[in-house]
Amino acid sequence: MHSLQVLRVDPAGKTRRIYVKRRDLLRANGLQPRDLRRIDPSLSLTKTSPNITIKDNVLVINLGGVSRSVIRADKCLVFEPNSPCSQKFLEIVCPRLQASEGAHERQQKHGQNVLFPQDEEKLPPFELEILEGALMVATGRLDAELVAVSKRVSNVLMNLPRDITPVNLEELRRVKQCLVELESKADNLRDMLEELMDDDDEVCKMNLSSRPIREDRPEAALEEMDDAEMEEREVEETEDLLEYYLQRAAGTQSEAERLLAGARDLEESIGVSLSARRFEVNRLELTLSIGSFAAALGAMVAGIFGMNLRSTLEDSIIGFWGTTVGIVLCCVWVFFALFSYTRRRRIL
């Protein structure tokens, strides 16, 4: 059976590369095959939308291919560990986990509960550290794409519509395509976070570390610790985390929409400019066609007189010049007559 290469991250920030079989991964984490398909590296990134699946003791995260992870309270399995996004994720998460582990050890030396400390220092649980790291990478990637495409938009605005060339028009088309893709990515991430925040039960289940401890405590202890208040505090902290990255995704989406609207306005302006140019060209073509028609009439008359037929005009100098002047005046009259007609009909 095909094995998947994953990177295991523990709460202390230590990593270890392992190989797991799909069946073992499903059995060990209580997942369904459809859950694994959401983070399967063999699937195209364009076919997998951002998703956070919350199971009994597992979080399955796929932020549009940026971060694919299976998270438990004591470990995290990162798929595609060699990808640039995974490397960036590890650069963010591992130092934070190591710092949290050091703080846990200091609290244990002072005899405090690491999950429910009594002082002001409230350490985030392991799974939320991983989730925040994944969201940081996802939103950071969107911000980087926004900065890059903003520079391209600025360059296009400097060149167009002053210098309308095929190269500049192709760059405008590519910039619009990048903005549409960026807006779609930010919108998918925002919608996913909004849908998750609307369900308080799902938000409460995201805190995997404290849930088993609350469930295993005796009834007397539950009455003393005010379990409802603790759950409410955890939900608020998780919602604050999701809300922050929701606002970042929404800001990226709104900025992409603004740039896209500017690009579309520029495209419309270019279309109007090109239409004006085409109108001028059509007017010139019509004017030349009228002149050509008048000249063709003169050529026809000259051809008639140029045939090898004898008449009294070929021996008369006055007849030659009179005929020539008549042909020219006739051509001029035909030209101005047609030109005036087209002007009256607003064709020119």
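Residues numbered from 1 in each chain as written. Predicted model: local features only at pLDDT ≥ 70, side-chain atom pairs only at ≥ 80, totals over all residues. Heavy atoms only, no water.

1. Section: the environment of Glu 239
Along the chain, Glu 239 falls in helix H9 (residues 227-305). Taking C-alpha positions, Glu 239 is 9.3 Å from Leu 196, a pair spaced 43 residues apart along the chain. Excluding residues that lie within four positions of it along the chain, Glu 239 makes contacts with Met 197, Asp 200 and Val 203. (Helix = DSSP H or I, 4+ residues; strand = E, 2+ residues; numbered from the N terminus. Contact = heavy atoms within 4.5 Å.)

2. Remarks on the packing of aromatic side chains
One pass over the full model with this rule turns up 3 aromatic pairs. Between Tyr 244 and Tyr 245 the ring centres are 4.8 Å apart and the planes differ by 85°, which places this aromatic pair in the edge-to-face class. Look at Tyr 245 and you get buried, because its relative accessible area is 2%. Between Phe 335 and Phe 336 the ring centres are 5.3 Å apart and the planes differ by 85°, which places this aromatic pair in the edge-to-face class. Put simply, the rings of Phe 335, Phe 336 and Phe 339 touch in pairs and so form one group of aromatic residues. (Phe/Tyr/Trp six-rings, centres within 6.5 Å; stacked < 30°, edge-to-face > 60°. Buried < 20%, exposed > 50% of the residue type's maximum accessible area, 1.4 Å probe, protein only.)

3. As for the UniProt feature "coiled-coil region" (unreviewed entry) in the protein chain
Under the UniProt annotation, the feature "coiled-coil region" (unreviewed entry) is placed at residues 172-199. Note that residues 172-199 is 93% helix and 0% strand, and that its end C-alpha atoms are spaced 41 Å apart. (UniProt positions renumbered as here; feature names shortened; annotations may be inferred.)

4. Thoughts on the environment of Arg 38
Positionally, Arg 38 belongs in the loop between helix H2 (33-37) and strand S3 (51-54). For Arg 38, a relative accessible area of 29% translates into the label partly exposed. Here the alpha-carbon distance between Arg 38 and Thr 53, two residues 15 residues apart in the chain, equals 9.1 Å.

5. A word on the sheet that holds strand S5 (residues 68-71)
As summarised here, the arrangement of the 6 strands in space is S2-S1-S6-S5-S4-S3, forming an open sheet in which the pairing is antiparallel. Each end of this open sheet is capped by a strand with a single partner; those strands are strand S2 (15-21) and S3. Pairs of neighbouring strands in the sheet enclose a mean axial angle of 20°, with direction left out of account. Alignment of strand S1 (residues 3-9) against S2, held across 7 bridges, turns out to be antiparallel. Looking across to S2, one finds that Ser 3 is bridged to Lys 21. Sheet strands in contact with helix H1 (residues 22-29) are S1, S2, S5 and strand S6 (76-79), and its direction is about 105° off that of S2. Docked against the sheet, helix H4 (residues 126-159) engages S1, S3, strand S4 (59-62), S5 and S6, running at close to 170° with respect to S5. (Pairing = 2+ DSSP bridges. Axes fitted to C-alpha atoms, helices over the stretch in contact; angles between N-to-C directions.)

6. Observations regarding the pairing of S6
The alternating pattern of S6 places Cys 76 and Val 78 and Leu 77 and Phe 79 on opposite faces, both of which are buried. Direction of pairing for S1 relative to S6: antiparallel, over a ladder of 4 bridges. Paired with Val 6 across the bridge in S6 is Phe 79. One ladder, built from 3 bridges, connects S5 with S6; its direction is antiparallel.

7. Section: unusual backbone geometry
Within the chain, Glu 80 stands out as a residue other than glycine whose phi angle is a positive 50°. On the secondary structure map, Glu 80 appears in the loop between S6 and helix H3 (84-109). Relative accessible area serves as the criterion here: at 30%, Glu 80 is assigned to the partly exposed category.

8. A few points about a nonpolar patch on the surface
The grouping of Met 300, Ile 304 and Phe 305 at the surface amounts to a nonpolar patch, some 320 Å² of accessible area in total. By the element assignment, Phe 305 lies in helix H9. We classify Phe 305 as partly exposed; its relative accessible area is 47%. (Patch = residues over 30% accessible without salt bridge, like charges linked within 9 Å, V, L, I, M, F, W, Y side chains within 5 Å. Areas by Shrake-Rupley, 256 points an atom, 1.4 Å probe, with all protein chains shown as cover. Salt bridge = Lys/Arg side-chain N within 4 Å of Asp/Glu carboxyl O.)

9. Observations concerning the confidence of the model for the protein chain
Scored by pLDDT, the protein chain comes out at a mean of 81, with 84% of its residues at no less than 70. In the model, residues 114-120 has pLDDT below 50 throughout and makes 16 contacts with residues more than four positions away in sequence or in other chains. Low confidence marks residues 220-224, where pLDDT is under 50. Its contacts with residues over four positions away, or in another chain, come to 3 contacts. (pLDDT = per-residue confidence, 0-100.)

10. Concerning the pattern of salt bridges
Tallied over the full model, the rule gives 15 salt bridges. The shortest N-O distance in the salt bridge between Asp 24 and Arg 27 comes to 3.2 Å. Of this pair, Asp 24 and Arg 27 both sit in helix H1, 3 residues apart, which is roughly one turn of that helix. Owing to a relative accessible area of 58%, Arg 27 belongs among the exposed residues under this scheme. As a salt-bridge pair, Glu 132 and Arg 96 come within 2.9 Å of each other at their nearest N and O atoms. Here Glu 132, found in helix H4, pairs with Arg 96, found in helix H3; they are 36 residues apart in sequence, far enough to count as distant. Three or more residues are tied together by salt bridges with common partners; here these are Asp 187, Arg 190, Asp 191 and Glu 194.

11. As for the state of the cysteines
According to the stated counting rule, one finds 0 disulfides in the structure shown. In this structure Cys 330 is a free cysteine whose sulfur lies 5.8 Å from that of Cys 331, the closest cysteine sulfur available. Look at Cys 330 and you get partly exposed, because its relative accessible area is 41%. (Disulfide = S-S within 2.5 Å.)

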